[in-house]
There are 2 protein chains.
Amino acid sequence: MSSTRTRITEEADALIYRMGFATTSFGDIADEIGISRGNFYHHFKTKDAILAAVIERRLAATRALLTLWESEAPDPAGRIGRFIDILRTNRSKIMQDGCPVGTLCSELAKLDHPLLDQAAEAFTLFRVWLSAQFSALGHPDADCLALHLLARTQGIAVLLHSFRDPAFLERECATLHHWCDTLAPPPRENTACSSSP
Amino acid sequence: MSSTRTRITEEADALIYRMGFATTSFGDIADEIGISRGNFYHHFKTKDAILAAVIERRLAATRALLTLWESEAPDPAGRIGRFIDILRTNRSKIMQDGCPVGTLCSELAKLDHPLLDQAAEAFTLFRVWLSAQFSALGHPDADCLALHLLARTQGIAVLLHSFRDPAFLERECATLHHWCDTLAPPPRENTACSSSP
DNA sequence: GTCTATAAATAGATAGAC
DNA sequence: GTCTATCTATTTATAGAC
């Protein structure tokens, strides 16, 4: 049922995640789904065109995930908890290949690639969504808190990717949940922008 | 005075940091220092041999840096502060090319490269050194705190690299310093492994 | 839409003259 | 130690038959 174009995008998504963008070749993708490299160019004119399609696909998946979390957890604190737990949910993937967003952005930034901003839009989706949750909890510095939490999860992903230590992940997730819990009530003395989150 | 081998290693270090390992070619390095590609192989037999030399060079530089910090700051808290401030010191570099350790480890992990462990040794150097400082402050969970701080700085580096927002960096550095300050006295109610850092 | 064949550029790596 | 010349494989990309 799925078109060749869709299959190329799906396989490119998986391969770029597993091996990185620069290392993934047309040949790799073509071999994986059993088509010739020539046919390939009927669907995508350049390698960057594939990357753009992959990024768009990932953004759509992220939007869908955020919508799912909203329906599953009606309260902001529960939603933030869902976000933190993607680290646990995707534990083995992150240990093997890192965070799909962080590793792609790092690579594209290093290549000075024009699609970096598009890729970083995935960060922005989480940032805006998290900011909305912190706002709903009554925090005036919601955007700072959102960026802060985003940074915390990225750091955990990087070290998990490099060290591959599950105990570290569990510890840090517990710490993040605890941070979130102490933050749940409206602003007391903590504001992430100038004080201790 | 510096030998060709040294110049190759230095230039490879810079280029790998700026463009990534996979993207940096022998030609790039050779062009940059004005030698031919043929001469190149007299000093290094394979591309991986260059990478190994670059990693060794970086590890030596890191060891020297940690020793410098120890002489500059006699107290553990001040030394930890030095570590946090590398984010500020290398602000523009990190905005442009990310953390040299984190980005290289991410790339090598994705390539399933045998030198990943060697590259991750740079993390371990910081980890052990930070752990010693936390221990000196009387924290029984010093290694957890060291890994935690390492993760925090990596996350900040990733987002700074992707978003290039200096205000975010200043905010997070201040937050980290504050976290360090409230942590400075021997363990009160905070232990990073199970409670709120 | 899919294929084979091929172009054009670049990669890592080697041989041998100087 | 440094160079030029060359090999071999792989890359992105194109042309054209079916």
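In this convention, every chain numbers its residues from 1, walking through the sequence in written order. Each chain gets a letter, beginning with A, and each ligand a number, beginning with 1, in the order they are written. Local features are withheld for residues below a pLDDT of 70 in this predicted model, meaning they are given only at 70 or higher, and side-chain atom pairs are given and counted only at 80 or more; totals for whole chains, interfaces and linings count all residues. Here the side-chain values reflect all heavy atoms present in the structure, with hydrogen atoms and water set aside.

Some points on the overall build of chain A
And step 1. If you tally the helices and strands in chain A, you get 11 helices and zero strands.
And step 2. In chain A, the order of α-helices and β-strands from amino to carboxyl end is α-α-α-α-α-α-α-α-α-α-α.
And step 3. Taken along its principal axes, the extent of the C-alpha atoms in chain A is 60 × 35 × 30 Å.
And step 4. For every residue, the accessible area (1.4 Å probe, protein chains only) is compared with the maximum for its type, and the residue is labelled buried under 20%, exposed over 50%, or partly exposed between those bounds. Relative to its full complement of 197 residues, chain A shows a buried share of 53%.
And step 5. A separation threshold of at least 6 residues defines the contact pool for chain A, and within that pool the share at least 24 residues apart is 66%.
And step 6. When charges are tallied, Lys and Arg are placed among the positive residues and Asp and Glu among the negative ones, while His and the ends of the chain are skipped. For charged residues, the charge sits on one atom: NZ in Lys, CZ in Arg, CG in Asp, CD in Glu. In chain A, 20 side chains carry a positive charge and 24 a negative one; their mean positions are 3 Å apart. Only runs of H or I of at least four residues qualify as helices and only runs of E of at least two qualify as strands under DSSP, and these elements are numbered from the N terminus. Residue contacts are counted whenever heavy atoms from the two residues lie within 4.5 Å of one another.

A closer look at the relation of the copies chain A and chain B
And step 1. Alignment of copies: least-squares fit on C-alpha atoms of residues with pLDDT of at least 70 in both copies. For the pair chain A and chain B, the superposition axis carries a translation of 0.0 Å, the fit reaches an RMSD of 0.0 Å, and the rotation angle comes to 180°. Seen this way, the second copy is the image of the first under a two-fold rotation axis. Across chain A, the smallest distance between a C-alpha and the rotation axis is recorded for Gly155 of chain A, namely 1.8 Å.
And step 2. A symmetric contact is evident, with 100% of the interface residues of chain A recurring at the interface of chain B.

Brief notes about the protein's contact with DNA strand D
And step 1. By convention in these notes, a residue is near a molecule or strand provided one of its non-hydrogen atoms lies within 4 Å of it. Near DNA strand D, the surroundings consist of 15 residues, among which Tyr41 of chain A together with Thr4, Ser36, Asn39 and His43 of chain B are the closest.
And step 2. Within 4 Å of the protein, the contacting atoms of DNA strand D are drawn from sugar and phosphate to the extent of 58%.
And step 3. In the model, a phosphate oxygen of DNA strand D is placed 3.1 Å from a nitrogen or oxygen of the Lys47 of chain A main chain.
And step 4. In this structure, a phosphate oxygen belonging to DNA strand D sits 3.0 Å away from a side-chain N or O atom of Thr4 of chain B.
And step 5. Secondary-structure elements contributing two or more residues to the surface near DNA strand D are α3 (37–43) of chain A together with α3 (37–43) of chain B.
And step 6. Residue contributions to the surface near DNA strand D peak at four residues, all from α3 of chain B.
And step 7. We call Asp, Glu, Lys and Arg charged. Ala, Val, Leu, Ile, Met, Phe, Trp, Tyr, Cys and Pro are nonpolar, and the rest, Gly among them, are polar. When its residues are assigned to classes, the surface near DNA strand D shows three nonpolar, 10 polar and two charged. Polar contacts, as used here, are pairs of N or O atoms within 3.5 Å; protein pairs need one atom able to donate a hydrogen and one able to accept it. Residues neighboring in sequence count only if both atoms are side-chain atoms.

A short note on helix α10 (residues 142–163) of chain A
And step 1. Helices are assigned an expected span. That span is 1.5 Å times one less than the residue count. For α10 of chain A, with 22 residues, the first-to-last C-alpha span of 32 Å sits near the 32 Å given by 1.5 Å per residue.
And step 2. Once α10 of chain A ends, the next one or two residues include Arg164 of chain A, with phi positive near 55°.

Quick notes on the domain arrangement of chain A
Accessible area lost when the parts come together is the quantity often used to give the size of an interface.
All names here are of chain A.
And step 1. Each domain's limits were defined by an automated method or a database of domain assignments. For chain A, the domain assignment lists domain 1 (1–45) and domain 2 (57–182).
And step 2. Taking only C-alpha atoms into account, the centre of domain 1 sits 27 Å from that of domain 2.
And step 3. If you look at the interface, domain 1 gives nine residues, while domain 2 gives 13 residues.
And step 4. Buried area counts how much accessible surface, traced with a 1.4 Å probe, disappears from two parts once they are put together, with both parts' losses summed. Taken over both partners, the interface formed by domain 1 and domain 2 buries close to 890 Å², and the fraction arising from carbon and sulfur atoms is 54%.
And step 5. Considering only the side of domain 1, the residues that lose the most area to domain 2 are Asp13, Tyr17 and Phe21, jointly responsible for 66% of the buried surface there.
And step 6. Whenever Lys or Arg places a side-chain nitrogen within 4 Å of a carboxyl oxygen from Asp or Glu, that contact is recorded as a salt bridge. The interface formed by domain 1 and domain 2 holds two salt bridges in total.
And step 7. The partner of Asp13 in a salt bridge is Arg58, and the shortest N-O contact between them spans 2.9 Å.

Structural notes on the packing of helix α5 (residues 76–84) of chain A against α10 of chain A
All names here are of chain A.
And step 1. Every angle, taken between N-to-C directions, lies between 0 and 180 degrees, and every axis is a line fitted to C-alpha atoms, over only the stretch in contact when it is a helix. In the contact formed by α5 and α10, the axes pass within 11 Å of each other and the chain directions differ by 25°. For the element pair α5 / α10, the angle class is roughly parallel. Taken together, the residues of α10 that come into contact with α5 (itself represented by Ile80, Phe83 and Ile84) are Leu149, Leu150 and Thr153.
And step 2. Its residues assigned to classes, the contact of α5 with α10 shows five nonpolar, one polar and no charged. By definition in this entry, angles of less than 35 degrees are roughly parallel, angles greater than 145 are roughly antiparallel, angles of 65 to 115 are roughly perpendicular, and the rest are oblique.

What about the protein's contact with DNA strand C?
And step 1. The full set close to DNA strand C counts 15 residues, and Ser36, Asn39 and His43 of chain A together with Phe26 and Tyr41 of chain B are the nearest of them.
And step 2. Close to the protein, within 4 Å, the atoms of DNA strand C are drawn from sugar and phosphate at a rate of 60%.
And step 3. One of the side-chain N or O atoms of Asn39 of chain A is found 3.0 Å from a sugar or linking oxygen in DNA strand C.
And step 4. Here a phosphate oxygen of DNA strand C sits 3.0 Å away from a polar atom, N or O, in the side chain of His43 of chain A.
And step 5. With four residues, α3 of chain A is the single largest residue contributor to the surface near DNA strand C.
And step 6. The residue inventory of the surface near DNA strand C, partitioned by class, reads three nonpolar, 10 polar and two charged.

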